[in-house]
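Summary of the model geometry
What follows is the residue order along each chain.
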Amino acid sequence: MRGLTVFISDLRNCSNKEQEAKRVEKEMAHIRSKFTSDTHMNGYNRKKYVWKILYMYMLGYEVDFGHMEAVNLISSNRYSEKSVGYAWCALMLREGDELLRLIINSIRVDLISKNDNAICLALNAICNVGGKEFAEALSTDVLKILTANMTRTYVRKKAALTTLRMFRKSYDILPASEWADKILLLLDEKNIGVLTSVSSLVLGILAVSTTGWEGAAPKAARTLTRLVLNKDYSNDYLYYGLPSPWLQIKLLRMLQFFPPPEEHALKLRVSEVLQRIVSGTDVTKNVNKNNATHAVLFEAINLTIHLGSASETLHQAISLLGRFISIREANIRYLGLETMARLSQQQPETLEGLKKHQSTILFSLKDPDISIRRRALDLVYTMCDSSSVKETVSELLAYLQTADHSIKEELVLKIANLAERFATDHQWYVDVVLQLIRSAGDFVSEEIWYRVVQIITNQGDELQRYATSTVWRALLADPQPHRTLVKVAGYVLGEFGHVIANTPGAGAQQ
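Nothing here was measured: the structure is a model prediction, and the numbers come from that model.

Attention now goes to the packing of helix α22 (residues 405-422) against helix α24 (residues 446-458). Running from N to C, α22 and α24 cross one another at 20 degrees; their axes reach a closest spacing of 11 Å. Here α22 is positioned roughly parallel relative to α24, judged by the angle of their axes. Note on packing geometry: the crossing formed by α22 with α24 is left-handed. Facing α22, whose interface residues are V412, L413, A416 and E420, α24 presents I448, R451 and I455. Class assignment of the residues belonging to the contact of α22 with α24 gives a composition of five nonpolar, no polar and two charged.

Structural data, given as structure tokens:
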């Protein structure tokens, strides 16, 4: 289109914004006059002027005319003209726009036509613009395209994603009793592209409700077996030697919506797939390959945690994660720590394996990245138990001395919680809280020192005597004690000061 090319070239040659605005204003006036005076404008000119309007709109200029001409282009029988109308629709219309009602019938005509290109344009328009009105009016036609036997693969892919877009606007368009079997049948497709699109649709449905869609689990397991174990795929879908990692992730995530399979053969198949993924993953120098393989790995570990039975796979995963949290790549360290924390919370039997990497985890508390430090702190917190609490709290107290302010409040709270939860010696608990006050008094909340005072009050004379003398010594040792320490001392000494009144040296000091 020479006229459009010349117009774009003229705008690019404008020396300043004011000159460009004048050129745009002149062109808009010219196009407006053409639309109003030329009642028999041919398709070529209409297409050319709509393209110019779209270009000016994308430059940021306000456009308030040309809508009906663009709508007429959608109804054209020529692909070049129809595509311009749909491009205008995608850029200019929004959900709820009154003009959408004018193009619904045109879109339906294209959907039920035998022209695959026109069908794809209509599906793109629904995805780009469609709201609840589109979903209610056109969902049946789109679903027929999706499930029809004669639909081409590239059309079916678009139909699956269009169905997902409409489903998110109106859940009622996909009752499980009517569509579950037909849609899940598509998970048996050989084409990887179609499988990936349909998997996205099924995941979107499962996120809302799994009722009636239970058949997705065995089909996902069979497809994983085909990809990972049987290596039944086209080389076009190999990404750094990994068969369709995006599809594998979707299928692994799909299985996490359902309980462990009851069928023994299916259960063994899933376990073997997970074993193959975990054992076949390593760290390489190629960042893109790492991103793909590790994305699949972490999703496989999530499924292993969900199933809760493959202990051998879990131990292999823990060993691999221990390597991940010690390498240079920050994203991998973060994901490794986060996955370890999830393991420690949902699979308590893995704690012993995780503790083998405790030194590396504690070292991660000094990482320059605040997000990694937070994940490491969460992991240390969830790994702690009565056998390791004193060592863990000691490490965290040492880290508190150099921790930055952004993490100190969370760190103080976690130390106080661990000391109280696992303490077998209340005197040690009192020492920990007093050390917290001395090291980070501004971050010790009232709930923390209220709690230590409550414990001192409710325990026997021995703890009261120890706490009183310890608080008194802390006051004497600090010429400018923190106000929180003063509050604790005021209560403890006021209530129990008499128990150390006759202690040699204490009375004189008082």
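Moving on, we come to the confidence of the model for the protein. Averaged over every residue, the pLDDT of the protein is 85; residues scoring 70 or more account for 96%. Ranking the elements of the protein by mean pLDDT puts helix α27 (residues 506-509) last with 44 and helix α11 (residues 192-208) first with 94.

So, on to the environment of S326. Within the secondary structure, S326 sits in the loop between α16 (311-324) and α17 (330-346). Separated by 75 residues in sequence, S326 and L251 have C-alpha atoms that sit 29 Å apart. Side-chain polar atoms of S326 contact the backbone oxygen of R323, separated by 2.9 Å.

This structure, assessed with the given rule, holds 23 salt bridges. Here R156 makes a salt bridge to E189, at a shortest N to O gap of 3.5 Å. Of this pair, R156 sits in helix α9 (residues 153-169) while E189 sits in the loop between α10 (176-184) and α11; the two residues are 33 residues apart in sequence, bridging distant segments of the chain. Here E189 falls in the partly exposed class, since its relative accessible area comes to 21%. Put simply, R374, R375, D378, E410 and K414 are held in one network by salt bridges that share partners.

We now examine the packing of helix α23 (residues 426-440) against helix α25 (residues 461-477). In the contact formed by α23 and α25, the axes pass within 10 Å of each other and the chain directions differ by 25 degrees. Between α23 and α25, the crossing angle belongs to the class labelled roughly parallel. At the point where α23 passes α25, the crossing takes the right-handed sense. Between α23, through H426, Q427, V430, D431, L434 and R438, and α25, the contact on the second element is made entirely by E462, L463, Y466, A467, T470, V471 and A474. Of the residues contributing to the contact of α23 with α25, the split by class is seven nonpolar, three polar and three charged.

What follows covers helix α8 (residues 132-147). Its 16 residues place the ends of α8 21 Å apart at the C-alpha level, agreeing with the 22 Å of an ideal helix rising 1.5 Å per residue. Along its length, α8 shows its largest kink, about 60 degrees, at L138. Every buried residue of α8 is listed here: F134, A135, L138, S139, D141, V142, L143, I145 and L146.

What follows covers helix α14 (residues 264-279). In this model, α14 (16 residues) spans 22 Å end to end at C-alpha, consistent with the 22 Å of a helix rising 1.5 Å per residue. If you check which residues of α14 are buried, you get L266, V270, V273, L274, I277 and V278. The arc that holds every buried residue of α14, seen down its axis, measures 130 degrees, which confines them to one face.

Evaluation of the coordinates by the stated rule reveals seven aromatic pairs. Ring geometry for Y239 against Y240: centres 4.8 Å apart, planes inclined by 85 degrees, an arrangement best described as edge-to-face. Ring geometry for W449 against Y450: centres 4.6 Å apart, planes inclined by 70 degrees, an arrangement best described as edge-to-face. Residue classification places Y450 among the partly exposed positions, given a relative accessible area of 44%. Looking at K182, its charged tip hangs above the ring of W179, at a distance of 4.8 Å from the centre.

Cut-offs and rules
Residues numbered from 1 in each chain as written. Predicted model: local features only at pLDDT ≥ 70, side-chain atom pairs only at ≥ 80, totals over all residues. Heavy atoms only, no water. Axes fitted to C-alpha atoms, helices over the stretch in contact; angles between N-to-C directions. Helix = DSSP H or I, 4+ residues; strand = E, 2+ residues; numbered from the N terminus. Parallel < 35°, antiparallel > 145°, perpendicular 65-115°, else oblique. Left-handed = near helix turned anticlockwise from the far one by under 90°. Contact = heavy atoms within 4.5 Å. Nonpolar A, V, L, I, M, F, W, Y, C, P; charged D, E, K, R; others polar. pLDDT = per-residue confidence, 0-100. Polar contact = N/O pair within 3.5 Å; in protein donor to acceptor, adjacent residues only side chain to side chain. Salt bridge = Lys/Arg side-chain N within 4 Å of Asp/Glu carboxyl O. Buried < 20%, exposed > 50% of the residue type's maximum accessible area, 1.4 Å probe, protein only. Expected span 1.5 Å × (residues − 1). Bend = angle between axes of the 7 residues up to and from the residue. Arc of directions from axis to C-beta. Phe/Tyr/Trp six-rings, centres within 6.5 Å; stacked < 30°, edge-to-face > 60°. Lys NZ or Arg CZ within 6 Å of the ring centre and 35° of its normal.

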